[in-house]
Amino acid sequence: MTNKIELSWKGQMLFESVAPEGNVMIDAAEEVGGQGKGLRPKAMMLTSLAGCSGMDIASLLKKMRAEVKDFKIEVVANLTEEHPKYYDKVHVIYRFYGSDFKKDKIEKAVNLSVDRYCGVMEMFRQFAEVTTEILYIED
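Only a predicted model underlies this, so the values are computations on that prediction, with no experimental measurement involved. (Residues numbered from 1 in each chain as written. Predicted model: local features only at pLDDT ≥ 70, side-chain atom pairs only at ≥ 80, totals over all residues. Heavy atoms only, no water.)

Engineer: Whenever I open this one, the side chain of Thr 80 confuses me. Can you help?
Structural biologist: For Thr 80, the position within the fold is in the loop between β4 (70–79) and β5 (87–98). Among all residues touching Thr 80, those that are not within four sequence positions of it are Lys 85, Tyr 86 and Asp 88. (Helix = DSSP H or I, 4+ residues; strand = E, 2+ residues; numbered from the N terminus. Contact = heavy atoms within 4.5 Å.)

And the structure:
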């Protein structure tokens, strides 16, 4: 399978990424000539990681009948100091909200995403140390 996007320059540091599924604006910080009108490229990488895993987990929780009221994924990444700067350590925090959690099923869903299904997670493991954490927030 081949994926394809097209990136169009919109002036200064602003670009539009067009994919069959939709469009995303990409921009640089104002201090380097951007206008703050889009995500930074590295933030998009972290967003892709969280989105990939989140979709896996939402699907798995539904199949396992372990729905939660809500869940959020936070990704905290360490950027190296030397150029080219890249993420060498990435920590993914899964926060589940609700009550009467089916923790065994939730943990199984997270682990399946992390270890088996999320291709973006596997890509990150090629260049970064990836760790995960699961938190339960009772309503």
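Engineer: Which parts of the structure should I look at to understand the packing of aromatic side chains?
Structural biologist: The relation between two aromatic rings is expressed through the spacing of the ring centres and the mutual angle of the planes. Here the structure, examined in full by the defined rule, presents four aromatic pairs. Judged by centre distance (5.1 Å) and plane angle (45 degrees), the ring pair of Phe 124 and Phe 127 falls under tilted. Given a relative accessible area of 32%, Phe 127 falls into the partly exposed group. Ring-pair connections join several aromatic residues into one group, and the members of that group are Phe 71, Phe 96, Phe 101 and Tyr 136. (Phe/Tyr/Trp six-rings, centres within 6.5 Å; stacked < 30°, edge-to-face > 60°. Buried < 20%, exposed > 50% of the residue type's maximum accessible area, 1.4 Å probe, protein only.)

Engineer: Where do I start with a positive patch on the surface in this structure?
Structural biologist: The grouping of Arg 65, Lys 102, Lys 105 and Lys 108 at the surface amounts to a positive patch. With respect to the helices and strands, the residue Lys 108 is situated in helix α2 (residues 103–117). (Patch = residues over 30% accessible without salt bridge, like charges linked within 9 Å, V, L, I, M, F, W, Y side chains within 5 Å. Areas by Shrake-Rupley, 256 points an atom, 1.4 Å probe, with all protein chains shown as cover. Salt bridge = Lys/Arg side-chain N within 4 Å of Asp/Glu carboxyl O. Lys, Arg positive; Asp, Glu negative; His and termini not counted. Charge placed at Lys NZ, Arg CZ, Asp CG, Glu CD.)

Engineer: Can you help me understand the pattern of salt bridges in this one?
Structural biologist: When charged atoms on two side chains of opposite charge get close, those side chains can pair. Throughout the structure, instances matching the rule amount to four salt bridges. Taking the shortest distance from any N to any O, the salt bridge between Lys 10 and Glu 16 comes out at 3.5 Å. In this structure Lys 10 comes out as partly exposed when scored by relative accessible area, which is 44%.

Engineer: What is the right way to read the environment of Ser 59 from this model?
Structural biologist: Tracing the backbone shows Ser 59 in helix α1 (residues 41–63). Once the C-alpha coordinates of Ser 59 and Ala 109 are considered, the two residues, 50 residues apart in sequence, prove to be 8.8 Å apart.

Engineer: So what exactly am I meant to see when it comes to a nonpolar patch on the surface here?
Structural biologist: Together, Met 45, Tyr 86 and Phe 127 line one region of the surface with nonpolar side chains, adding up to about 260 Å² of accessible area. The topology assignment puts Met 45 in helix α1.

Engineer: Explanation requested: the sheet that holds β5 in the structure shown.
Structural biologist: Taken together, three strands build an open sheet; the order of strands is β4-β5-β6 and the sheet is mixed. The sheet terminates laterally at β4 and β6 (129–138), the two strands that pair on one side only. With strand direction ignored, the average angle separating the axes of adjacent strands in the sheet is 15 degrees. Judged from the ten bridges that link them, β5 and β6 form a sheet pairing that is parallel. Its bridge partner being in β6, Tyr 97 is matched across the sheet by Ile 137. This element, α1, spans β4 and β5 of the sheet and lies at about 150 degrees to β4. (Pairing = 2+ DSSP bridges. Axes fitted to C-alpha atoms, helices over the stretch in contact; angles between N-to-C directions.)

So, to be careful, I would describe these as geometric facts and stop short of saying anything about function.
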